[in-house]
Amino acid sequence: MPVKMGARGRVAADAAVALAAGAFTIAMLRAGGLGTPATTGYRELDAAGFALTAASVAPLLLARRLPGVMWAVTSVVSLVMLGLGYALDVPPGPLAATYLLAEAVGGGHTPRRRLLAAAGVAGYVPVAIAVMALDGQSVLGMSPGLFAWVAMFGLVWIAGDRTRLRRERIVELEDHARLREQEIQVQRRLVAAEERTRIARELHDSAGHAINVILVQAGAARLLHRQDPDRSVQAITTIEEVASATITDIDRLVRALRQDAAGRTGPAPADPAPADTAALEQLVDRHRAGGLRVTATFDGAPRGLPSAVAWAAYRILQEGLTNAARHGAGTADVRMSYGPAAVEIVVSNPVGERQRRRRGMGIVGMRERAALLDGLLDAGPVDGGVFRLRARLPYQASMGISA
């Protein structure tokens, strides 16, 4: 697995390459070449040789900033060493510079510049042959070594170019993954915004119904104030209860909805408002009639639910059954518990192949809806090849103002 290096890491790597190339060159010049040392015809290592060696490897430190200058200086200095008769059987500096040049001249450069770089590398060996011929060296006798030079420069260039391509591919994959993650986040925000819009519509319907009830009861209280004081008081009590519950719903949901001012208009609810737990049981029966094999257990006595909790429970159960029907194996198990403080919903179904690979957005909306009610929702595969949706929706805070 390729390891990403920062700027300091690259500088350290280039310095290590320069030191290694310099050390190898010094050792080769001191020994009179590679293999069996030559007895005549070469220049021994001296102060000028040390200086030229340093000059041939020092430019490697500029590989990241000035790759063309780095290769040109290293190559010219090594050609000077060949012309002066040093036993440079292998040019370590130019070979290292070739690798770094091929690695550096990539997609960010023009094709013309990459072509010039490749042409410069290809021309090094012919120029070196000409320099050695002018120095009186036998080119024919050195031909096997020169063919080896051609092979080495070609392989080093290919290795550097492959490294560049691999690095560019890694950057491309990272950019793609980052864009994909941004796209997923945008989709999640859109789903959450749509769910909040739907909640706002439901709140509008619930509040409108409550206001109508208040108007009717207020009119009845006014008419019965003198004729039937007891019924007038009962009507006023109803007004107080309905207003208290509605204010609690509005306060909780609007406070949460204010956090997202960029919501989009969503479709109006297609189902009637669930007034109590009977609507949840009817939803199960509807899916059962549609072909989904459902086993349902309802714990606790059926009860009326606050409108916000009723809508959330209805939508969450609907999402769980829809997922089981579309993406599961055709069966589902539903368990609902009406506790003293919260309603709990659990929908389990065998995991289908599509559900195993799927990352749907419907769950995101349901999780948003549960969070608005200070509830919890978890969904995902569990042990035994089962997909489970579990939600807990507290309703005590939505029941009204405590005495």
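The structure displayed is predicted, hence computed values, not measured ones. (Residues numbered from 1 in each chain as written. Predicted model: local features only at pLDDT ≥ 70, side-chain atom pairs only at ≥ 80, totals over all residues. Heavy atoms only, no water.)

Notes on the overall build of the protein
- Of the regular secondary structure elements, the protein holds 12 helices and five strands.
- Nonlocal contacts in the protein, meaning residues at least 24 apart in sequence, comprise 76% of its contacts between residues at least 6 apart.
- As displayed, the protein has an accessible area near 22400 Å², and 60% of this comes from carbon and sulfur atoms. (Helix = DSSP H or I, 4+ residues; strand = E, 2+ residues; numbered from the N terminus. Contact = heavy atoms within 4.5 Å. Areas by Shrake-Rupley, 256 points an atom, 1.4 Å probe, with all protein chains shown as cover.)

So, the side chain of Gln318
- By secondary structure assignment, the location of Gln318 is in helix α10 (residues 307–327).
- Within the local environment of Gln318, its side chain forms a polar contact with the side chain of Arg315, the two groups lying 3.0 Å apart. (Polar contact = N/O pair within 3.5 Å; in protein donor to acceptor, adjacent residues only side chain to side chain.)

Examining the packing of aromatic side chains
- Going through the model one piece at a time under the given rule, you end up with four aromatic pairs.
- Ring geometry for Tyr124 versus Phe153: centroids 5.1 Å apart, planes at 40 degrees, classification tilted. One end of the pair, Tyr124, is in helix α6 (residues 124–134); the other, Phe153, is in helix α7 (residues 143–227), with 29 residues separating them in the sequence.
- The rings of Trp71, Tyr124, Trp149 and Phe153 are connected pair by pair, giving a single aromatic cluster. (Phe/Tyr/Trp six-rings, centres within 6.5 Å; stacked < 30°, edge-to-face > 60°.)

Here we look at the nonpolar core
- Among the nonpolar cores identified, the biggest contains 34 residues, and Leu60, Met81, Leu82, Tyr124 and Trp149 are the most heavily contacted of them.
- Those elements that provide at least two residues to this core are α1 (7–31), α2 (47–57), α3 (67–83), α4 (92–104), α5 (111–122), α6 and α7.
- Per-element tally for this core: the top contributor is α3, with six residues.
- In this structure, Leu283, Val343, Leu373 and Ala391 belong to the second largest nonpolar core, which totals 33 residues. (Core = buried A, V, L, I, M, F, W, Y, C linked by side-chain atoms within 4.5 Å. Buried < 20%, exposed > 50% of the residue type's maximum accessible area, 1.4 Å probe, protein only.)

Quick word on the environment of Thr295
- With respect to the helices and strands, the residue Thr295 is situated in strand β1 (residues 293–299).
- Judged by its relative accessible area of 46%, Thr295 falls in the partly exposed class.
- Note: C-alpha distance between Thr295 and Val334 (39 residues apart in sequence) is 6.1 Å.
- If near-sequence neighbours (up to four positions away) are discounted, Thr295 is found in contact with Ala332, Asp333 and Val334.
- Side chain to side chain, Thr295 and Asp333 meet in a polar contact 2.7 Å long.

Quick notes on the pairing of strand β3 (residues 342–350)
- Burial analysis of β3 places seven of its nine residues in the buried class, which makes it a mostly covered element.
- By the bridge criterion, six bridges tie strand β2 (residues 331–338) to β3 in an arrangement that is antiparallel. Bridging across to β3, Tyr338 finds its partner in Val343.
- A loop of three residues connects β2 with β3, the two strands running antiparallel in sequence. (Pairing = 2+ DSSP bridges.)

Describing the packing of α10 against helix α12 (residues 362–372)
- It is the contact of α10 with α12, at a shortest axis distance of 10 Å, that shows an interaxial angle of 160 degrees. Between α10 and α12, the angle falls in the class roughly antiparallel. α12 is crossed by α10, and the crossing has left-handed handedness. Contact residues: Trp311, Ala312, Arg315, Ile316, Glu319 and Asn323 in α10; Gly362, Ile363, Met366, Arg369 and Ala370 in α12.
- A per-class count over the contact of α10 with α12 returns six nonpolar, two polar and three charged. (Axes fitted to C-alpha atoms, helices over the stretch in contact; angles between N-to-C directions. Parallel < 35°, antiparallel > 145°, perpendicular 65-115°, else oblique. Left-handed = near helix turned anticlockwise from the far one by under 90°. Nonpolar A, V, L, I, M, F, W, Y, C, P; charged D, E, K, R; others polar.)

A short note on the sheet that holds strand β4 (residues 376–382)
- Taken in spatial order, the five strands line up as β1-β2-β3-β5-β4 in an open sheet, and their pairing is mixed. Unpaired on one side and paired on the other, β1 and β4 mark the two borders of the sheet. Looking at each pair of strands side by side, their axes are set apart by 10 degrees on average, direction ignored.
- Bridge analysis of β4 against strand β5 (residues 386–394) gives seven bridges, and the strand direction is antiparallel.

Brief notes about α3
- With 17 residues, α3 should cover 24 Å at 1.5 Å per step; its first-to-last C-alpha distance of 24 Å lies within 8% of that length.
- By the burial criterion, the buried members of α3 are Pro67, Met70, Trp71, Thr74, Ser75, Val77, Ser78, Leu79, Met81 and Leu82.
- Positive phi shows up at Gly85, right after α3, with a value of about 90 degrees. (Expected span 1.5 Å × (residues − 1).)

Focus: the confidence of the model for the protein
- Averaged over all residues, the pLDDT of the protein is 76; the fraction at 70 or higher stands at 76%.
- Every residue in residues 259–273 is under pLDDT 50, and counting partners more than four places away or in other chains gives 29 contacts.
- With pLDDT under 50 throughout, residues 397–403 is counted as low confidence; its partners more than four residues away or in other chains account for 15 contacts. (pLDDT = per-residue confidence, 0-100.)

Focus: the environment of Trp157
- Within the secondary structure layout, Trp157 lies in helix α7.
- Taking the C-alpha atoms as reference, Trp157 lies 5.7 Å from Ala102; in sequence the two are 55 residues apart.
- Not counting the four nearest positions on each side in its chain, Trp157 is found in contact with Thr98, Leu101, Ala102, Ala117, Ala118 and Val121.

Observations concerning a nonpolar patch on the surface
- Taken together, the side chains of Leu66, Val69 and Val73 present a nonpolar region at the surface, about 220 Å² in accessible area.
- Among the structural elements, Val73 can be located in helix α3.
- On the basis of relative accessibility, which here comes to 36%, the residue Val73 falls in the partly exposed class. (Patch = residues over 30% accessible without salt bridge, like charges linked within 9 Å, V, L, I, M, F, W, Y side chains within 5 Å. Salt bridge = Lys/Arg side-chain N within 4 Å of Asp/Glu carboxyl O.)

Considerations on the pattern of salt bridges
- Going through the model one piece at a time under the given rule, you end up with 10 salt bridges.
- A salt bridge links Glu103 to Arg167; its shortest N-O distance comes to 3.3 Å. Of this pair, Glu103 sits in helix α4 while Arg167 sits in helix α7, placing them 64 residues apart in sequence.
- Here Arg167 falls in the partly exposed class, since its relative accessible area comes to 34%.
- The residue Arg288 makes a salt bridge to Asp285 at a minimum N-O spacing of 2.8 Å.

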